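Coordinate analysis (summary)
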Amino acid sequence: MSEESEDQTLICVPGQILCAASEFTVAGQGTYEKLGYIHATLAGIVQMKKREKNTFISVVSFGGGATVPVIGDIVTARIMAVQNRMARCRILCIGKTALNRTLRGIIRKEDVRATEVDRVEMHKCFRPGDIILARVLHQIELNVFHLSTADNELGVVVAISPSSRATWGADPIPMVPICWTEVQCPVTLVKEPRKVAKVVPEKGESLKKSLALF
């Protein structure tokens with residue numbers, strides 16, 4: 001994009017390269033940086049805003065603004081798969097806004113908690129089906145975000161008992177946190193390790209609705 005194009009309406013599609021990234025050219029809302037270039041995350045109108053020496057590139061949706069997480073946003077997600085060095089999840093909500101599109105997240109081993117990072121075991125922090133709260137660190141590529149649960153208030157907020165996970169069609173039985181590293185089934189008393197979120201009461205009330213996501 002040249003300086004002349006600031007007076008023109010530039011339209012883009014998801015994944016399109018908008019310009020080269022540099023020290024003073026920054027990816028803003030609706031964009032992400034990959035391999036030295038800034039790409040669009042959605043279809044819309046490209047905007048360039050200058051602040052001192054920096055130029056911020058962003059994309060505004062034709063519909064008046066798509067719901068796309070930005071750095072620092074708190075998202076609700078469901079764990080889909082757990083590997084030795086990372087967990088993969090599907091982002092369900094950004095703040096209190098439910099999504100109607102598929103966004104994916106990745107939590108790396110070093111971003112699970114703030115202390116004793118070298119002792120983190122992913123299968124002791126998350127299980128497939130868990131509902132978590134996480135913070136957006138940055139966008140990796142189109143529709144894929146790097147997440148963190150390192151803060152105390154982030155981590156697993158809803159874990160389902162293994163007894164209900166093992167029975168197809170059974171009503172989900174939420175497990176109860178008994179400490180910040182363990183949850184327990186109220187029916188079978190089975191315990192499982194987790195990276196439990198320290199949910200404040202206000203959030204806790206709204207997160208009761210998370211069972212509806214199963």
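As the structure is a computational prediction, the values presented were derived from the model and not from experiment.

It is worth spelling out the side chain of threonine 76 at this point. Structurally, threonine 76 is set in strand β8 (residues 74-82). Setting aside chain neighbours within four positions, we find threonine 76 in contact with Arg90, Ile91, Leu92, Cys93, Ile131, Ile132 and Leu133.

To continue, consider the UniProt feature "domain: Exosome complex component N-terminal" (unreviewed entry) in the chain. According to UniProt, the "domain: Exosome complex component N-terminal" (unreviewed entry) feature falls on residues 11-48. For residues 11-48, the helix share is 0%, the strand share is 58%, and the end-to-end C-alpha distance is 12 Å.

This part takes up the environment of glutamate 52. Its place among the elements puts glutamate 52 in the loop between β6 (44-51) and β7 (54-61). Note: C-alpha distance between glutamate 52 and phenylalanine 24 (28 residues apart in sequence) is 9.5 Å.

This part covers the sheet that holds strand β14 (residues 176-179). If you trace the 3 strands from one edge of the open sheet to the other, you get β14-β15-β16, paired in antiparallel fashion. Each having just a single partner strand, β14 and β16 (191-193) make up the two edges of the open sheet. Strand-to-strand twist in this sheet, taken as the mean axis angle between neighbours without regard to direction, amounts to 35°. Where β14 and strand β15 (residues 182-184) come together, 3 bridges link them in antiparallel fashion. Looking at β15, one finds that cysteine 179 is bridged to glutamate 182.

Glancing now at unusual backbone geometry. Phi at glutamate 52 is positive, roughly 55°, even though this residue is not glycine. Since its relative accessible area comes to 85%, glutamate 52 is described here as exposed. The phi torsion at leucine 189 lies on the positive side, around 70°, for a residue other than glycine. For leucine 189, a relative accessible area of 55% corresponds to the exposed category.

Criteria and thresholds
Residues numbered from 1 in each chain as written. Predicted model: local features only at pLDDT ≥ 70, side-chain atom pairs only at ≥ 80, totals over all residues. Heavy atoms only, no water. Helix = DSSP H or I, 4+ residues; strand = E, 2+ residues; numbered from the N terminus. Contact = heavy atoms within 4.5 Å. UniProt positions renumbered as here; feature names shortened; annotations may be inferred. Pairing = 2+ DSSP bridges. Axes fitted to C-alpha atoms, helices over the stretch in contact; angles between N-to-C directions. Buried < 20%, exposed > 50% of the residue type's maximum accessible area, 1.4 Å probe, protein only.

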